[in-house]
Amino acid sequence: MTPAIRVEQVHKKFGALSALNGLDLTIQQGEFFALLGPNGAGKSTLINLLAGLLRPTSGKLYVMGYDVMTQYRQARHALGVVPQELVFDPFFNVREMLRFQAGYFGKGPENNAWIDEVIESLGLTDKATTNMRRLSGGMKRRALIAQALVHKPPVIVLDEPTAGVDVELRHMLWEFIKRLNREGHTIILTTHYLEEAETLCSRVALLKQGKVIALDSTKNLLASMPGKKLRLKLEGPLPVSLKALVRQQEQQDFILSLNAINQVEYVLSELRNANIAVEDMQLIEPDLEDVFVDLMGRT
Amino acid sequence: MSLINERFRGPWTLFKKETLRFWRVSFQTVAAPVMTALLYLLIFSHVLGGRVEVYPGVPYTVFLIPGLIMMSVLQNAFANSSSSLIQSKVMGSIIFVLLTPLSYLEFFLAFLVASIIRGLVVGFSIYLVAICFIDLPLTHPLFILAFAVFGSGMLGAFGIIAGLWAEKFDQMAAFQNFVIMPLSFLSGVFYSIHSLPPFWQQVSHLNPFFYMIDGFRYGFFGQGDITPWFSLSIVVGSFIALSFITIGMLKAGYKLRG
């Protein structure tokens, strides 16, 4: 099957700055994929290259097998992009704007029923005739997502779709995006909320300085972290012998990094020896944030 | 069923949006320039009417109207493409067009034709109001139409260039105030270049706006400072040259696609 996205040895330079350094990446159809990395890692550059907003210095990018440079019409038909910024055209209402967007892709009145369905699915029905200027931030975010879907693209890129939205809307958007994926859309997500990537995405690429430094299923990445974390709430100070394990501290609350589960026994015995009572204790599995911090620090 | 073939629906939609964009605020984009032109007409005809006769048998007020119409056509055609581009660039909404399969040529045509439409709507509105008060001859209507279409096309293309180049609203304002305004005011809207000293007559011949105004005026009176065919060839030539430059900039993704 043709991959949804194929990126081959892509370099992108902005003057002396190299934003992407020979990036290779393949994303299969139907995947729920996360692109993670710190600011300046090259996530947005990669998205902009796929969308045709930037041109690569060298290398090739394909969307559903179409070269984004030489077969840009087909490639753009196959791609829906939800930008990070809340951009909008202040002259039109939600429905008009969506119909215009569909029109740019050659879709006419026969597509209006689909537009109304998207409007309804995103809870925008009450705002369909409201000017974009008058929408709240959350509603503008929904309208942006709707805009990326009007031409029914098989591949959808969401650049930080839940940045700055409240918890309720975040969960609503998660459910909506999950539904799109279930219906067969390939989803590529960039996010700063690693919990979001862990909950939603089946595969993750970690970018650093324009290169992929880790690419695996979320499950495998989590399994690659051998240790666990131990959260302790103590009635006294932490014994000196355990200070080396401290990863985080807030007054009498400590989070210790353990290499293996049998280290718990060692921690408890040290606390007993020091006569420090444990008020509360919790063993925590490593999460994507641990993987992220570990890999970013290591490479 | 839509009458527009799917292949052409993309550029048609962009054209429709660009046209609706100015029509939605027609009080500002059509009524305001009509008002400005009428104020010029009122003031200049009051000050100079009866004292100046530029062409034999043509009162100054009548002489003035075609120039004012054409000046408004040109300024508004420029304003349409330039303001739409700079606004969507600054607000970021240009991305919605850039993400689509529209080609640079389709982009150009949609912006260009919308600019021509705005120029013609404003020009026709001023004409309609003017003929309520003044009897205006229409000696060569085809010349009038040709100069209006190619003139607004030229300024529409020029507006795209300015919109692509400018990154801030003040840069666009500078373009308008230091390029478009002087060229249009010094093009013979309010006078015949024959009334100027020989040196300034020569300078006027370097101003493409002069040919547009003079040729357009010829269409009304059958009289002009130079032959209308020569003016038309300059205007059409300038339109083609500017179109090539604009298309080249769009093809290169100048300040649009990095």
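What counts, and where the lines are drawn
Residues numbered from 1 in each chain as written. Chains lettered and ligands numbered in written order. Predicted model: local features only at pLDDT ≥ 70, side-chain atom pairs only at ≥ 80, totals over all residues. Helix = DSSP H or I, 4+ residues; strand = E, 2+ residues; numbered from the N terminus. Buried ≥ 20, exposed ≤ 12 C-beta atoms within 10 Å, placed from the backbone. Contact = placed C-beta atoms within 7 Å. Core = buried A, V, L, I, M, F, W, Y, C linked by C-beta atoms within 7 Å. Pairing = 2+ DSSP bridges. Axes fitted to C-alpha atoms, helices over the stretch in contact; angles between N-to-C directions. Nonpolar A, V, L, I, M, F, W, Y, C, P; charged D, E, K, R; others polar. Domains from an automatic or database assignment. Expected span 1.5 Å × (residues − 1). Bend = angle between axes of the 7 residues up to and from the residue. Parallel < 35°, antiparallel > 145°, perpendicular 65-115°, else oblique. Left-handed = near helix turned anticlockwise from the far one by under 90°. pLDDT = per-residue confidence, 0-100.

## Concerning the overall build of chain B
Of the regular secondary structure elements, chain B holds ten helices and zero strands. Secondary structure elements of chain B, listed N to C terminal, follow the sequence α-α-α-α-α-α-α-α-α-α. Expressed along its principal axes, the backbone C-alpha trace of chain B runs to roughly 60 × 45 × 35 Å. Counting every position in chain B, which comprises 258 residues, the buried fraction comes to 45%. Contacts spanning at least 24 positions in sequence make up 81% of the contacts within chain B whose residues lie at least 6 apart.

## Section: the nonpolar core
Membership of the largest hydrophobic core comes to 143 residues, with the highest contact counts inside it found for Leu 50, Val 63, Ala 146 and Val 157 of chain A. Broken down by element, this core gets its largest block of residues, 15 residues, from helix H3 (residues 60-91) of chain B. Contact partners of Val 157 of chain A, with chain neighbours within four places excluded, come to Ile 47, Leu 50, Leu 79, Val 81, Val 82 and Ile 188 of chain A. Formed by nine residues, the second largest nonpolar core is a distinct cluster that contains Leu 232, Phe 254, Val 267 and Leu 271 of chain A.

## Remarks on the sheet that holds strand E3 (residues 32-36) of chain A
All names here are of chain A. The strand order across the open sheet formed by six strands is E6-E7-E8-E3-E9-E10, and the pairing between neighbours is mixed. With partners counted over all chains shown, the strands left at the sheet margins are strand E6 (79-82) and strand E10 (211-217), one partner each. The average angle at which neighbouring strand axes cross in this sheet is 15 degrees, direction not considered. As paired elements, E3 and strand E9 (residues 203-208) share four bridges and run parallel to each other. Within E9, the position partnered with Phe 33 by the bridge is Arg 203.

## A word on the interface of chain B and chain A
Of the residues lining the interface, 25 residues belong to chain B; the matching set on chain A comes to 25 residues. Secondary structure elements with two or more residues in the side of chain B that touches chain A: helix H1 (6-23) and helix H4 (95-98) of chain B. In terms of residues, the side of chain B that touches chain A owes the most to one element, H1 of chain B, which gives eight residues. Considered class by class, the residues forming the side of chain B that touches chain A number ten nonpolar, eight polar and seven charged.

## Points about the domain arrangement of chain A
All names here are of chain A. The assigned domain composition of chain A is domain 1 (5-223) and domain 2 (228-298). The distance between the C-alpha centroids of domain 1 and domain 2 comes to 39 Å. Of all the secondary structure elements, the ones that give two or more residues to the side of domain 1 that touches domain 2 are helix H7 (194-200), E9, E10 and helix H8 (218-223). Each residue belonging to the side of domain 1 that touches domain 2 can be placed in one class, and the counts come to nine nonpolar, one polar and two charged.

## Details of helix H2 (residues 26-48) of chain B
All names here are of chain B. Given a rise of 1.5 Å per residue, 23 residues ought to cover 33 Å, and the 31 Å separating the end C-alpha atoms of H2 matches this to within 8%. At Ala 32, H2 is bent by approximately 30 degrees, the largest bend along its length, and proline Pro 33 sits one to four residues beyond. Restricting attention to buried positions, one finds in H2 the residues Val 30, Pro 33, Val 34, Ala 37 and Leu 41. On its buried face, H2 is in contact with H3 and helix H5 (104-130).

## With respect to the packing of H3 of chain B against helix H6 (residues 141-165) of chain B
All names here are of chain B. Interhelical geometry of H3 versus H6 gives an angle of 30 degrees and a closest axis separation of 7 Å. One way to sum up the angle between H3 and H6 is to call them roughly parallel. Like other packed secondary-structure pairs, H3 and H6 cross with a definite hand, here right-handed. In contact with Met 70, Val 73, Leu 74, Ala 77, Phe 78, Ala 79, Asn 80, Ser 81, Ser 82, Leu 85 and Ile 86 of H3, H6 contributes Phe 147, Ala 148, Gly 151, Ser 152, Leu 155, Gly 156, Phe 158, Gly 159, Ile 160, Ala 162, Gly 163 and Leu 164. The class makeup of the residues in the contact of H3 with H6 is 15 nonpolar, eight polar and no charged.

## Comments concerning the sheet that holds strand E11 (residues 228-234) of chain A
Residue and element names in this part refer to chain A. Strand order across the open sheet formed by four strands is E12-E13-E11-E14, with antiparallel pairing between neighbours. Pairing within the sheet leaves two strands with one partner each, and these edge strands are strand E12 (246-250) and strand E14 (278-284). Strand-to-strand twist in this sheet, taken as the mean axis angle between neighbours without regard to direction, amounts to 15 degrees. Helix-sheet contacts for helix H9 (residues 263-273) involve E11, strand E13 (253-258) and E14, and the interaxial angle to E13 is about 140 degrees.

## Thoughts on the packing of H3 of chain B against helix H7 (residues 169-185) of chain B
Helix-helix packing: each pair is described by the crossing angle between the helix axes and the interaxial distance. All names here are of chain B. Where H3 contacts H7, the two axes come as close as 11 Å, and the packing angle between them is 170 degrees. Classified by the angle their axes make, H3 and H7 are roughly antiparallel. For the pair H3 and H7, the sense of crossing is right-handed. Contacts between H3 and H7 pair Met 71, Leu 74, Gln 75, Phe 78, Ser 82, Ile 86 and Val 90 from the former with Phe 169, Met 172, Ile 180 and Ser 184 from the latter. When its residues are assigned to classes, the contact of H3 with H7 shows eight nonpolar, three polar and no charged.

## Thoughts on the pairing of E3 of chain A
Residues and elements named next belong to chain A. Most of E3 is tucked away, with five of its five residues classed as buried. Taking every second residue as pointing to the same face, both faces of E3 are buried, with Phe 32, Ala 34 and Leu 36 on one and Phe 33 and Leu 35 on the other. Examined bridge by bridge, E3 and strand E8 (residues 186-190) share four bridges and lie parallel to one another. Directly across from Phe 32, in E8, lies its bridge partner Ile 187.

## Comments concerning the confidence of the model for chain B
Mean pLDDT for chain B: 92, with 98% of residues reaching 70 or above. Here the predicted complex carries an ipTM of 0.89, next to a pTM of 0.88.

## A short note on unusual backbone geometry
Residue and element names in this part refer to chain A. The phi torsion at Gln 9 lies on the positive side, around 45 degrees, for a residue other than glycine. Counting through the fold element by element, Gln 9 comes out in strand E1 (residues 5-14). The phi dihedral of Gln 209 falls on the positive side, at around 45 degrees, and the residue is not glycine. Secondary-structure assignment places Gln 209 in the loop between E9 and E10. A tally of 15 C-beta atoms within 10 Å means that Gln 209 is categorised as partly exposed.

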